[in-house]
Amino acid sequence: MKKNYAKVGGARPSSLLYTYGPGAIMDLPHFTVMPLGLDSWDPIWRRRDGIPTINAPRLLEVVRMMLGHQVAELRPFPHQPNLTSFSREGSDLGVPARVFPQWMRCTGCDRLGPISIFSYHNTNPYRPDEAQFFHQDCRGRRGRNKGKRKQPVVTARYLLACADGHLDEFPYDWWVHGGGSCSAAPDAPVLTMDDRTSGRGASAIIGCSSCDARRPMNEAQGQAGRAKLPRCRGRLPHLDGFANGGCVREARLMLVGASNLWFPALQSIIDMPRFDPAEQVRDRADLIKAALGDDLSEFADQPKFLRALLRGKVDVTEIDDDDLARTVAVALAPEESDEDREQRRADWEPIDLLVPEWRYLLRDPARERHQDLRSGLTLSPRAVDESMPDGVSRVLAVDRLRKVNSIIGFTRIDELDRINDVSSRLVPLTSVRPAWALATEDRGEGIFLQLDEIAVAAWEDRVSHSALWEAHRTSHLRNFERRFSETAEVADPESRLKPPRYWLLHTLAHILIRQMAMHSGYGAASLSERIYAWPDGGDGRPPAAGLLICTTASDSDGTLGGLVRLSKPELLAGIVRDALHQASRCSSDPVCARRTPVDPEDFLHGAACHCCVMASETSCERANRFLDRRFLLNVGGESLGFFGEAHVW
């Protein structure tokens, strides 16, 4: 028999971060698995002498604020590329996972049971997709198969979940026997699942061959069905344990593959230089602390020896001994208390990650293809063509960029707007306080457009007093109050409504993504947006009105330059004009152009649909919310368009 390498599938880093991270359920060809928590990743990493890290100080600061100061570093996925398709350099690395759910149904006889009663086959090291479970003694649905054929089994598709992110196997034995046990075979009843209907939802019928009991799964659906289910046990299958103190939440029926089964809590940055001297000292102090560990305090007052220890690890050649001493003092300073950290976390807003990027993008590059050596960010100034629609004041070509993403937890049933809304709903990725956090690096290119702030501020003041904006504001309030999660109970809905300028820039980004996809060589789903849009709040941060359209790849050194080529002045002006012209009409008009939410409607978009503005979920940072063409152009009888009439160009 060939060696079993226990590989059961593969996935790209982006899918493991955004769709199938720890605690999610991943569909493989013949069954489903759940990537385990980060506790289980440490033995994988110990198979190598050195553990790679991702250097992103600004992102690490935010992760520490969320998870604690014990987080020392950001790590990538345990992966090593193979030199050839037949080599096995990285065969001992990978993301640890478990089969989940572990109840399965035989496709030959409908037998329902845990995986322990079925056999597992995975013997080809080069074909992990052939891993499969079988029912060895299947006699068929009528029991007439005397040859006892081997039949494949598939995952039973029902689970129990609660609002605090716990997930458990569905108690089929308990369910079919009405909350009790089988009278004929209390220890080992023979269960079946009749699931051959084409109806949606919970269409299966659970049966017990031992006592002839039967019960349909549709009784567990909806609000009425929850009263028939057992209480949540607080199970955390990705950590192979249960929540401390159990759980008092009401459990609800969940289907494997449901879109609300797993929502990642992510933080992302575009890596850009930091100019604040205090921030630069903190960054260098972190590197020194990580490089020397406990040795730092022992040799803190010996700069010559410290330089020798840091040689090849941290570059300190550009600072003198006094600066080195100040940096070491920062590295050895006691961390802030958990109370102070929690307060800082409560006051934190998502745009705090964007403000440093905006400040840097406001600076004109010193020259063509100006590169920052540490981050690799490469910018080129671009003139604004005279045929560019009025309102676009500045353009930068982003020849190279690095985007770093980190996942700090996840939720189920409903996602969180902000990580500090209801912290109890954030499911941790480790059973103890984490020592490191998972991150990925994406490299690519992009185009940055900035709108004229004076024009945007005047337009925003006009829009904020309009009937259309009031309709969007009240719809957002209704939507917020009707959400399943507890977020609406502890947060101010007004603080979560994006300002009018965000709607403007968000809609502009979407129509540009559509138009740029036709000229760049990239599909529209490969392009993504990063919106910088907030008014002057008098809090020291400059007002922002800009957008970055970029394309990145997580498993390569960059992209091909087809997007940044579009930043040429005359070419970009034509693309913007064409995009605005296309947005002035929609195949769903006049219905789309006049769509305004009216009580009891609570949708979070206006004149926008999949025919004209909406983008794929890989492109949009807000799940196609906060979009309205009437804020771009005068359509649908409104005269609120920032760019006025489309025929002007």
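Read on for a plain summary of the structure. (Residues numbered from 1 in each chain as written. Predicted model: local features only at pLDDT ≥ 70, side-chain atom pairs only at ≥ 80, totals over all residues. Heavy atoms only, no water.)

**What to know about the sheet that holds strand E7 (residues 119-121)**
For step 1, the next point in the chain: Ordered in space as E7-E8-E9-E5-E6-E12-E13-E14, the eight strands form an open sheet in which the pairing is antiparallel. At either end of the open sheet lies a strand with only one pairing partner, and these are E7 and strand E14 (214-216). This sheet shows a mean twist of 35° between the axes of neighbouring strands, independent of strand direction.
For step 2, the next point in the chain: In terms of strand pairing, strand E8 (residues 132-138) meets strand E9 (residues 149-155) through three bridges, oriented antiparallel. If you follow Phe 134 over to E9, its bridge partner there is Pro 152. (Pairing = 2+ DSSP bridges. Helix = DSSP H or I, 4+ residues; strand = E, 2+ residues; numbered from the N terminus. Axes fitted to C-alpha atoms, helices over the stretch in contact; angles between N-to-C directions.)

**As for the pattern of salt bridges**
For step 1, the next point in the chain: Inspection of every chain in the model, using the stated rule, returns 47 salt bridges.
For step 2, the next point in the chain: Of the charged contacts in the structure, one is a salt bridge between Glu 357 and Arg 530, with a shortest N-O distance of 2.9 Å. In this pair, Glu 357 is assigned in helix H11 (residues 355-361) and Arg 530 in strand E23 (residues 528-534), connecting sequence segments 173 residues apart.
For step 3, the next point in the chain: A relative accessible area of 10% means that Arg 530 is categorised as buried.
For step 4, the next point in the chain: Each of Glu 61, Arg 274, Glu 279, Arg 282 and Asp 283 takes part in salt bridges that share partners, so that together they form one network. (Salt bridge = Lys/Arg side-chain N within 4 Å of Asp/Glu carboxyl O. Buried < 20%, exposed > 50% of the residue type's maximum accessible area, 1.4 Å probe, protein only.)

**With respect to the nonpolar core**
For step 1, the next point in the chain: Among the nonpolar cores identified, the biggest contains 56 residues, and Leu 449, Leu 451, Leu 508, Leu 512, Met 516, Leu 547 and Phe 643 are the most heavily contacted of them.
For step 2, the next point in the chain: Among the secondary structure elements, those contributing two or more residues to this core are strand E21 (392-411), strand E22 (436-451), helix H12 (453-463), helix H13 (467-481), helix H16 (500-520), E23, strand E24 (544-553) and helix H17 (569-583).
For step 3, the next point in the chain: At eleven residues, H16 tops the list of elements feeding residues into this core.
For step 4, the next point in the chain: Setting aside chain neighbours within four positions, we find Leu 449 in contact with Val 392, Arg 394, Val 395, Leu 512, Ala 545, Gly 546, Leu 547, Leu 572 and Val 576.
For step 5, the next point in the chain: Judged by nonpolar contacts, the second largest core, of 30 residues, contains Leu 16, Leu 28, Trp 41 and Ile 115. (Core = buried A, V, L, I, M, F, W, Y, C linked by side-chain atoms within 4.5 Å. Contact = heavy atoms within 4.5 Å.)

**Considerations on the pairing of strand E12 (residues 191-194)**
For step 1, the next point in the chain: As judged from the two bridges shared by strand E6 (residues 111-114) and E12, these two strands associate in the antiparallel manner. Directly across from Leu 112, in E12, lies its bridge partner Leu 191.

**Structural notes on the sheet that holds strand E10 (residues 158-161)**
For step 1, the next point in the chain: With antiparallel pairing, three strands are arranged side by side in an open sheet as E11-E10-E17. At either margin of the open sheet sits one strand with a lone partner, and together these are strand E11 (167-169) and strand E17 (252-255). Taken pair by pair, the neighbouring strands of this sheet meet at an average axis angle of 40°, ignoring direction.
For step 2, the next point in the chain: Direction of pairing for E10 relative to E17: antiparallel, over a ladder of four bridges. What sits directly across from Ala 161, in E17, is Arg 252.

**Regarding the environment of Arg 400**
For step 1, the next point in the chain: With respect to the helices and strands, the residue Arg 400 is situated in strand E21.
For step 2, the next point in the chain: When its relative accessible area of 38% is taken as the criterion, Arg 400 is described as partly exposed.
For step 3, the next point in the chain: Here the alpha-carbon distance between Arg 400 and Asp 301, two residues 99 residues apart in the chain, equals 41 Å.

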